[in-house]
Structure formats: structure tokens, C-alpha cells
Amino acid sequence: LKEGMIYVWRTPFLLATMFIALVLNFTAFPLMNSLMPIVAKQVYGTGQTGLSHLVAAGAFGAMVGSLLMGRIAHRIRPARAMTIGAIAWLAAEMVFAQTTSPAWGIPLIMIAGVMQAAGLVPMLAALLKNADPAFRGRIMGIRMLAIYTNIPGLLVAGPLVAHFGYATMATCLSAFGIITIGLIAFRWRGDIWHNTASANAR
């Protein structure tokens, strides 16, 4: 694990990607998963059935997005697609937070699921493609450790929901994620944005 961490720290593309993964697990994943019961109960006024529809819509969107990315993988630049997909995912979550009816919310959370896949599938492909073969297992393990930023994300979201409501909390969390990922993309633009970057090779 230590060797993997050092390797990530010394490899700009891997470091930028891990930061994006940390931000997504802090912002987008709590909104997409753990906080969905709040939407079902407090915003839409529905119960377990409504919640199941929301969760299923997000999962279906992610499946469609994964299949779509598989079909167009040879046409996209992975690192750039990862960045655009991550920002689009958070933007979809922000729009979803403004809805007050499942009739609008379910299609929007499905779109968010598609954007989730549009960000995460290229991310994993780029990590595997650009990591030294001897470190691939460790790199994927470190990537999975990013899930633990869910915890502070939920700890921040809880008080915000209590004081300002779900829409404000989700908007603030999504905006924070978009701005932060934008800053990461700018800081490491030569490694994850430019066409000449090795991570963007088709």
C-alpha cells in the first residue's frame, strides 16, 4: 500500500484521478445513494415504493451509461471523458435537487446514472491503461479506498439538510464538487485534459 501511494504521488495523472475520485465520493455518491431516502420521504412524500423507483432509475441509468461507453470507447479520450462525465454527473444531481415531483425526478436521476458511468468507466480504464503493470492491483486498491470520503460527505450533508433542506444541501454539495473538479482539471490540465496527454490516447 505504501509503495502504491508513493507511485500515485509521483505520477501526475494518477494523482489527479485519485483526487477526482475523492471528490466524487465526498459529493456525488452520498447524493446518489445514502441520501436518497430523504428525497423519497421529505421531498416527494412517498415511501418504500417511491424510493425503490428512484434507486432503480439511477442503477438503470448507470447500466445504460456503461453499455454506451463500451460502444464508443474507441472514440473518446479517457481522461477528458472522465473529467467531463464527473462534472456532468454533479450537474445532473444539482438539477435533480430542484425537483419536487417523481415525474421529473426519476428521469433526472436516470440521467445522473448515465453520467455516473460516463465518468467512472473511463476513469477505471485510464487507471488500468496508464499504471505500470506491476502496480495495477495496488492502484485499483487505492482507488477503492477513496470510498471512505463518503463518511465526511454524509457528516457534512446531515446538518445542512436539517438546517436548509435537501435542495440547498444538494446544490451546495454539487457546486462544491464541480468547482473542485474544475480546479483539479486546470491544475493537471497537461495530464488529464490536453489531447497530447498519454491518458487521452485512444
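Above this text sits the structure in question.
Description of the structure in this document. Owing to the predicted nature of the structure, the values given are computational and were not obtained by experimental measurement.

A few points about the overall build of the chain
Then step 1. The number of helices and strands found in the chain is 11 helices and zero strands.
Then step 2. Each helix (α) and strand (β) of the chain, taken in turn from the N terminus, gives the series α-α-α-α-α-α-α-α-α-α-α.
Then step 3. Taking the principal axes of its C-alpha atoms as reference, the chain extends roughly 50 × 35 × 30 Å.
Then step 4. Scored against the burial criterion, the 202 residues of the chain give a buried share of 45%.
Then step 5. Once local pairs closer than 6 in sequence are excluded, the contacts in the chain between residues at least 24 apart make up 81%.
Then step 6. Of the roughly 10100 Å² of accessible surface on the chain, 70% is carried by carbon and sulfur atoms.
Then step 7. Taken together, the 14 basic and 4 acidic charged side chains of the chain have centroids lying 7 Å from each other.

Some remarks on the environment of C172
Then step 1. Its location among the elements puts C172 in helix α10 (residues 166–187).
Then step 2. The class for C172 is partly exposed, based on a relative accessible area of 44%.
Then step 3. Taking the C-alpha atoms as reference, C172 lies 8.4 Å from M94; in sequence the two are 78 residues apart.

Some details on the pattern of salt bridges
Pairing of side chains with opposite charge becomes possible as their charged atoms draw close.
Then step 1. In total, this model carries one salt bridge according to the counting rule given.
Then step 2. Of the charged contacts, one joins E3 and R138 as a salt bridge, the two residues approaching to 2.6 Å between their closest N and O atoms. Here the residue E3 occupies a position in helix α1 (residues 2–9), and R138 occupies one in helix α8 (residues 136–145), the gap between them amounting to 135 residues.
Then step 3. The exposure class assigned to R138 is partly exposed, which follows from its relative accessible area of 32%.

Some words on the nonpolar core
Then step 1. Among the nonpolar cores identified, the biggest contains 55 residues, and F13, I20, L24, F96, I139, Y166 and M169 are the most heavily contacted of them.
Then step 2. If sequence neighbours within four positions are ignored, L24 has contacts with F29, P30, A86, W89, L90, L120, M123 and I181.

Some words on a nonpolar patch on the surface
Then step 1. Where nonpolar side chains cluster on the molecular surface, the patch consists of L1, M5, L145, I147, Y148, I151 and L155 and spans about 730 Å² of accessible area.
Then step 2. Its place among the elements puts Y148 in the loop between α8 and α9 (150–164).

Overview of the packing of helix α6 (residues 78–96) against helix α7 (residues 102–130)
When two helices pack together, their arrangement is given by the angle between their axes and by how far apart the axes lie.
Then step 1. In the contact formed by α6 and α7, the axes pass within 7 Å of each other and the chain directions differ by 160 degrees. On the basis of their axis angle, the class for α6 and α7 is roughly antiparallel. Crossing angle aside, the handedness with which α6 passes α7 is left-handed. Where α6 abuts α7, its residues P78, A81, M82, G85, A86, A88, W89, A92, E93, V95 and F96 lie against G105, L108, I109, A112, M115, Q116, A118, G119, L120, P122, M123 and A126.
Then step 2. Tallied by class, residues from the contact of α6 with α7 come to 18 nonpolar, four polar and one charged.

Digging into α8
Then step 1. All buried positions along α8 are accounted for by I139, I142 and R143. Considered in projection along α8, the buried side chains sweep an arc of 105 degrees and stay on one side of the axis. Residues of α8 that are exposed and point over 90 degrees away from its buried face: G137 and M144.
Then step 2. Looking at the packing, one finds that the buried side of α8 touches α1, α2 (12–26) and α7.

Focus on the side chain of T17
Then step 1. Assignment of secondary structure puts T17 in helix α2.
Then step 2. Judged by relative accessible area, T17 falls into the buried class, the value being 0%.
Then step 3. Filtering out sequence-adjacent residues up to four positions away, T17 remains in contact with M82, M123 and L127.

Looking at the environment of M82
Then step 1. You can see M82 is positioned in helix α6.
Then step 2. Taking the C-alpha atoms as reference points, M82 and V64, 18 residues apart in sequence, are found 16 Å from one another.
Then step 3. Each residue touching M82, except ones within four places of it in the same chain, is listed here: F13, T17, I20, A118, G119, P122, M123 and I192.

Rules used throughout
- Residues numbered from 1 in each chain as written.
- Predicted model: local features only at pLDDT ≥ 70, side-chain atom pairs only at ≥ 80, totals over all residues.
- Heavy atoms only, no water.
- Helix = DSSP H or I, 4+ residues; strand = E, 2+ residues; numbered from the N terminus.
- Buried < 20%, exposed > 50% of the residue type's maximum accessible area, 1.4 Å probe, protein only.
- Contact = heavy atoms within 4.5 Å.
- Areas by Shrake-Rupley, 256 points an atom, 1.4 Å probe, with all protein chains shown as cover.
- Lys, Arg positive; Asp, Glu negative; His and termini not counted.
- Charge placed at Lys NZ, Arg CZ, Asp CG, Glu CD.
- Salt bridge = Lys/Arg side-chain N within 4 Å of Asp/Glu carboxyl O.
- Core = buried A, V, L, I, M, F, W, Y, C linked by side-chain atoms within 4.5 Å.
- Patch = residues over 30% accessible without salt bridge, like charges linked within 9 Å, V, L, I, M, F, W, Y side chains within 5 Å.
- Axes fitted to C-alpha atoms, helices over the stretch in contact; angles between N-to-C directions.
- Parallel < 35°, antiparallel > 145°, perpendicular 65-115°, else oblique.
- Left-handed = near helix turned anticlockwise from the far one by under 90°.
- Nonpolar A, V, L, I, M, F, W, Y, C, P; charged D, E, K, R; others polar.
- Arc of directions from axis to C-beta.

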